[in-house]
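So you can see what is in the structure, the chains are spelled out below.
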Amino acid sequence: LTHGTLASAYAGRYHRLDAGSDFWRYGVDLQQLVRLGIGPRVLVARVHGEAVSGSRDEVPFTDLPSLGGPLDLRGYALDRFRDRVALAGAVEYRWDLARWLAAHVFVDAGRVYESLDAIGIDHLRVGYGAGVEVGHSSTLVDIASSIDGGLIVAITVDPIHDLEARARRR
């Protein structure tokens, strides 16, 4: 895609059969794509948030919202941060290098919080990096780091995403 807006929201109730506590999980994902020129050259802005209604004692650790990994807060290990609320934003610039090769640079920022009341901009984690998308199978290679240091290399293979169709729209 070279331009457009995406807004999605979800909510779901977790019910435990073993007399444990029930809780809600809900979230939102907003994206804006702006075509900057032929090629395509695209600026992508994204905001993602999710939360659970239960306390940390009521929600299994693996069900707490998380940040880190190739989708949210690149530059950190997968699911590096977990708590009851997770918010992240990203800005990414994408462009084609060849018919079968695209590149991107990005900056991600986000944080997890213990409650909705605790949301603020202090102590944000920031990841940044660059990547390439190769060929018909849309193999994606990201190299990222963060303000905390370290280097993350993520390789993703997604045969559903079709880079060739994007190249034809040039």
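A brief structural summary. Here the structure is a predicted model, which is why all the values come from computation and not from measurement. (Residues numbered from 1 in each chain as written. Predicted model: local features only at pLDDT ≥ 70, side-chain atom pairs only at ≥ 80, totals over all residues. Heavy atoms only, no water.)

Tallied over the entire structure, the rule returns 12 salt bridges. Where Asp22 meets Arg13, a salt bridge forms, and the shortest distance between an N and an O atom there is 3.9 Å. Residue classification places Asp22 among the partly exposed residues on the basis of a relative accessible area of 27%. Among the ionic contacts, a cluster of salt bridges with common partners joins Arg74, Glu92, Arg94 and Asp108. (Salt bridge = Lys/Arg side-chain N within 4 Å of Asp/Glu carboxyl O. Buried < 20%, exposed > 50% of the residue type's maximum accessible area, 1.4 Å probe, protein only.)

The sheet built from eight strands is open, its strands ordered 1-2-3-6-7-8-9-10 with antiparallel pairing. For this open sheet the edge positions go to strand 1 (4-14) and strand 10 (152-157), each flanked by a neighbour on one side alone. Pairs of neighbouring strands in the sheet enclose a mean axial angle of 15 degrees, with direction left out of account. With 10 bridges connecting them, strand 7 (residues 101-113) and strand 8 (residues 125-134) associate as antiparallel partners. When the bridges of strand 8 are listed, Gly110 appears paired with Arg125. (Pairing = 2+ DSSP bridges. Helix = DSSP H or I, 4+ residues; strand = E, 2+ residues; numbered from the N terminus. Axes fitted to C-alpha atoms, helices over the stretch in contact; angles between N-to-C directions.)

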